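Chain residues, written in single-letter form:
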Amino acid sequence: MKTQQTEAVESLNPFQIVQTQIENAAKIIGLDREIVEILKKPKRVMTVSFPVRMDDGSIQVFEGYRSQHNDAIGPTKGGIRFHPDVTRDEVIALSMWMTFKCGVVNLPYGGGKGGVICDPRTMSKGEIERVSRRFIEAISDIVGPDKDIPAPDVYTNPQIMGWMMDTYSRIKGAFNPGVITGKPPIIGGSKGRNEATARGCVFTIAEAMKDIGKELEGATVAIQGFGNAGRVAADLLAEQGCKIVAVSDSKGALYNPDGLDLDDVKELKDTSAILNYDSSFHLKNPDELLELDVDILVPAALENVITLKNAHRVKANIIAEAANGPTTPDADKILYEKGILVIPDILANAGGVTVSYFEWVQNLMNYYWSEEEVNEKLKSAMETSYHAVSNLAQKYSIDFRTAAYVVSLKRIAEAMKARGWV
Ligand code: GLU
């Protein structure tokens, strides 16, 4: 009865969720009230709408947002997502998570995020290109290499970043690669950027497995989401000897306790649908993927998938949040009580923005690094950040998410004080 009552009031609004997360961490270190109040709101949110000619000749009006949460430490930074469920509150929350993510890995950035309400799965390449160019044009006054630097996110990719960089450069009348990261390498993209989110996530998983005294070799893994992060994470974990037993995408889920044939799954994803895999390995209810008895669970899709409703049934030892916001605060409490080690999004998926930072640095100095150099720097950044969070979690006996916020909040608060904001 008690659970049902609590369930009814659980907030799934990501904006409220991130505010709760800030409050939880602020309490631990007794952070000044003024700082908390500033951080609970974004500095600026721009709403734009723009017309795009579709392939059938009709005009469709699209709506998009760019939220800039906090720029105490540096220009704001964060991806642009194209998704039919994008909302203003979601984009704001995602920009706030970016501030704390950049803080955890100690990057000289604040947080930003953008989103356009559209469904690229049902649009042609030409329509996606026109939406991309019109959106960056609409927000071109507030972005820039020393203002706000976008990047890929859900359903956006290097090609889209290339189009956006091109439109922005034309508007400014000068080649401007530093305005956006995640570009194709030929026009200033960093080597290793495409795999960086997953690679960074795998570095944190490796450290977490050491912490709980388990081997990666032979460990079982379930991955929700087979986009850039989930798919590359599957490959990298398999390279480390893990057994990928379950994967899913927005259409369905596969599960084979003896391990899936990853090459087959990837080929089906590229040519038709993962559900064309042997039907005896289909999960009837794809949500069950989150409740499988595995060593490592990687939510790599969207927000709010581990909630009060299913948290008590989660059996993984480690959850590595490749997605942003997959776990609600109420679910976090349950997972912590169950002794599950949650590597929070702002740490687990920070590899993407870390290599975005490397890309921006390379663009600003016009000197490019090898993939080995990028991957080595990423490894060191992820391991250092993981241990800063893990040590703090131990010191205060708190969960990793709160610890990650504490690491980050301390840095942001110091910058706000140094700038005289409080
Ligand atoms: N969209 C990614 C994220 O959520 C990457 C952001 C970036 O590289 O700026 O972290």
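Residues numbered from 1 in each chain as written. Predicted model: local features only at pLDDT ≥ 70, side-chain atom pairs only at ≥ 80, totals over all residues. Heavy atoms only, no water.

Per an unreviewed UniProt entry, the chain goes by Glutamate dehydrogenase and derives from Bacillus aquiflavi. Listed in UniProt under the heading Sequence similarities (unreviewed entry), the comment for the chain reads: "Belongs to the Glu/Leu/Phe/Val dehydrogenases family." (UniProt positions renumbered as here; feature names shortened; annotations may be inferred.)

Moving on, we come to the overall build of the chain. Helices and strands together make up the secondary structure of the chain, namely 14 helices and 13 strands. On C-alpha atoms alone, the chain measures out to a radius of gyration of 21 Å, which is about the 22 Å that the 2.2 N^0.38 rule sets for 422 residues. Considering the chain as a whole, with its 422 residues, one finds that 58% of them fall into the buried category. A total of about 17,300 Å² of accessible surface is found on the chain, and carbon and sulfur atoms cover 48% of it. (Helix = DSSP H or I, 4+ residues; strand = E, 2+ residues; numbered from the N terminus. Rg over C-alpha atoms; globule rule 2.2 N^0.38 Å. Buried < 20%, exposed > 50% of the residue type's maximum accessible area, 1.4 Å probe, protein only. Areas by Shrake-Rupley, 256 points an atom, 1.4 Å probe, with all protein chains shown as cover.)

The grouping of Glu371, Glu372, Glu373 and Glu376 at the surface amounts to a negative patch. Relative to the helices and strands, Glu373 resides in helix H13 (residues 371–396). (Patch = residues over 30% accessible without salt bridge, like charges linked within 9 Å, V, L, I, M, F, W, Y side chains within 5 Å. Salt bridge = Lys/Arg side-chain N within 4 Å of Asp/Glu carboxyl O. Lys, Arg positive; Asp, Glu negative; His and termini not counted. Charge placed at Lys NZ, Arg CZ, Asp CG, Glu CD.)

So, about the packing of helix H2 (residues 14–29) against helix H4 (residues 88–104). Think of two packed helices as two axes; the pair is described by the angle between the axes and how far apart they sit. Between H2 and H4, whose axes approach to 7 Å, the crossing angle comes to 30°. In terms of orientation, H2 lies roughly parallel with respect to H4. Judged by residue contacts, Pro14, Phe15, Ile17, Val18, Gln19, Gln21 and Ile22 of H2 engage Asp89, Glu90, Ile92, Ala93, Met96, Trp97 and Phe100 from H4. (Axes fitted to C-alpha atoms, helices over the stretch in contact; angles between N-to-C directions. Parallel < 35°, antiparallel > 145°, perpendicular 65-115°, else oblique. Contact = heavy atoms within 4.5 Å.)

This paragraph deals with the UniProt feature "site: Important for catalysis" (unreviewed entry) in the chain. UniProt's feature table lists "site: Important for catalysis" (unreviewed entry) at Asp153, given in the numbering used throughout. Here Asp153 lies in the loop between strand E6 (148–149) and helix H6 (158–172). Beyond its immediate chain neighbours, meaning those up to four positions away, Asp153 contacts Gly79, Ile80, Arg81, Lys113 and Asn324.

This brings us to the site of the ligand. The environment of the ligand is formed by 14 residues, the closest being Lys77, Lys101, Pro152, Asp153 and Ser356. Take Pro152: an N or O atom from its main chain is 2.8 Å from a nitrogen atom of the ligand. For the ligand, an oxygen atom lies 3.0 Å from a polar atom in the side chain of Asn324. In isolation the ligand exposes 300 Å². Once the protein is present, 95% of that is buried. Breaking the shell around the ligand down by element, the ones donating at least two residues are H4 and helix H12 (351–365). (Near = heavy atom within 4 Å. Polar contact = N/O pair within 3.5 Å; in protein donor to acceptor, adjacent residues only side chain to side chain.)

Across a sheet, strands are paired by hydrogen bonds formed along the backbone, either parallel or antiparallel in direction. One open sheet holds the seven strands; their spatial order is E10-E9-E8-E7-E11-E12-E13, and the pairing between them is mixed. With partners counted over all chains shown, the strands left at the sheet margins are strand E10 (282–283) and strand E13 (341–343), one partner each. Bridge count between strand E7 (residues 220–224) and strand E8 (residues 243–249): five bridges; the pairing is parallel. Bridge assignment links Thr220 to a residue of E8, and that residue is Lys243. (Pairing = 2+ DSSP bridges.)

So, on to the UniProt feature "active site" (unreviewed entry) in the chain. The UniProt record marks Lys113 with the feature "active site" (unreviewed entry), using the residue numbering of this structure. Looking at the element boundaries, Lys113 is found in strand E5 (residues 110–117). Taking the relative accessible area as the measure of exposure, Lys113 reaches 1% and is therefore buried.

Right, let's get into the nonpolar core. A general trend in soluble globular proteins is that nonpolar side chains are found buried together. Among the nonpolar cores identified, the biggest contains 72 residues, and Ile205, Leu237, Ile296, Val298 and Ile343 are the most heavily contacted of them. Contact partners of Leu237, with chain neighbours within four places excluded, come to Val202, Ile205, Leu216, Val221, Cys242, Ile244 and Val298. In terms of nonpolar packing, the next biggest core, distinct from the first, is built from 25 residues, Ile128, Ile136, Ile139 and Val143 among them. (Core = buried A, V, L, I, M, F, W, Y, C linked by side-chain atoms within 4.5 Å.)

With that settled, the discussion passes to a nonpolar patch on the surface. Together, Ile38, Trp421 and Val422 make up an exposed nonpolar region whose accessible area comes to about 230 Å². For Ile38, the position within the fold is in helix H3 (residues 33–39). Among the residues examined, Ile38 registers a relative accessible area of 32% and is labelled partly exposed.

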